[in-house]
Amino acid sequence: MPVHTSTMKKTAARLALPVLAMALPASLALAGPAQAAQPSPVRTATVPAAAGAGAPLDDPYEKDIAMRLVSSAENSTLDWRGQFRYIEPYPDGRGYTGGIIGFTSGTGDMLELVERYTKKKPDNPLAKYLPALRKVNGSDSHAGLGKPFEEAWRKAADEDKAFRDAQEAERDRVYFDPSVKQAKADGLRALGQFVYYDAIVMHGPGDGKDSFGGIRKAALAKAKPPAQGGDEKAYLDAFLDARKKVMKKEEAHSDTSRVDTAQRVFLNEGNFDLRPPLKWKVYGESYRIDK
């Protein structure tokens, strides 16, 4: 599969756009009304059913936190479940971007998602677009897709739990499970596991120098992870430094606030278990998750 750079590629160009006009659940209440002369409101969320101290990222409580953190950078909201229906022909050379993890038609993972969804449920609104998705894979073409495809995507997301389940399953299979497994093998706690996950979502799996594997290799050249007797903070600092270098190579990734004013904040606070309360900023907007 071609290197996948995910929906983060769309974020920088969307900074000047209004925050998505999407209704947030009650738990995501704004801290106050936004006014032109005031700073952006702090977006908050309370995560239910807390995990025990030191829980890994694949604990349901921690995993929900991870998804909210990613969504704050991806879609300017903590409501990650509201992104199943997201679909956009974003002009970044990767065709369509859609769903909770930014599946793209030009990099193969959107095609794999629809193929797996169709295998489980042949009679679905997206099945008829498989030939077109196969043809545009590896390009920025929208041929055979367009508005009807966008409408079919939203229809499937709104009406079919099987499609929402398929998105979560592909997220886990390709991105979440491999990154958490590697982080655990490196002796990293929940914060480090999230650092790996966020990186693989943006840069894709693989061993290329600009992929997750390449970033990890660059970090290992500077510091040892805990599993090799190294200091956890020093290693994660090295990993984030290596990731920033890769991010700055591409205009769509050049704003590194998701590292500087989010992940690095948690690291400097020594919050290796990624426990609330969490406060961070992405692209100048403030967010927090309370117990």
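The sections below set out a description of the structure shown in this document. Computed from a predicted model, the values in this text were never measured in an experiment.

**So, the overall build of the protein chain**
Regarding its fold elements, the protein chain presents ten helices and six strands. Taking all 291 residues of the protein chain together, the buried fraction comes to 54%. Summed over all atoms, the accessible surface of the protein chain reaches about 12,600 Å², with 53% contributed by carbon and sulfur.

**What to know about the pairing of strand β5 (residues 278–282)**
Every second residue of β5 is oriented toward a common face, the buried set being Leu 278, Trp 280 and Val 282 and the non-buried set Lys 279 and Lys 281. Pairing geometry for β5 and strand β6 (residues 285–290), over five bridges, is antiparallel. By the bridge assignment for β6, Trp 280 is matched with Tyr 287. In this antiparallel pair of consecutive strands, β5 and β6, the connection spans two residues, and Tyr 283 shows a positive phi of 55°.

**Comments concerning the nonpolar core**
With 75 residues, the main nonpolar core has Leu 126, Phe 149, Tyr 197, Phe 239, Leu 274 and Trp 280 as its most contacted residues. Tallying contributions element by element places helix α7 (residues 190–203) first for this core, with ten residues. The residues contacting Leu 274, other than those within four sequence positions of it, are Leu 57, Glu 62, Ile 65, Leu 69, Ala 190, Leu 191, Phe 194 and Phe 266.

**Quick look at the environment of Met 247**
Secondary-structure assignment places Met 247 in helix α9 (residues 232–247). Considered as a pair, Met 247 and His 203 are 44 residues apart in the sequence and their alpha carbons are 8.5 Å apart.

**A short note on the sheet that holds strand β2 (residues 87–88)**
Read from one edge of the open sheet, three strands run β2-β3-β4, paired in antiparallel fashion. Here the strands that pair on one side only, and so sit at the sheet edges, are β2 and β4 (103–104). Direction of pairing for β2 relative to strand β3 (residues 97–98): antiparallel, over a ladder of two bridges. Bridging from a neighbouring strand, Glu 88 pairs with Thr 97 of β3.

Calculation notes
Residues numbered from 1 in each chain as written. Predicted model: local features only at pLDDT ≥ 70, side-chain atom pairs only at ≥ 80, totals over all residues. Heavy atoms only, no water. Helix = DSSP H or I, 4+ residues; strand = E, 2+ residues; numbered from the N terminus. Buried < 20%, exposed > 50% of the residue type's maximum accessible area, 1.4 Å probe, protein only. Areas by Shrake-Rupley, 256 points an atom, 1.4 Å probe, with all protein chains shown as cover. Pairing = 2+ DSSP bridges. Core = buried A, V, L, I, M, F, W, Y, C linked by side-chain atoms within 4.5 Å. Contact = heavy atoms within 4.5 Å.

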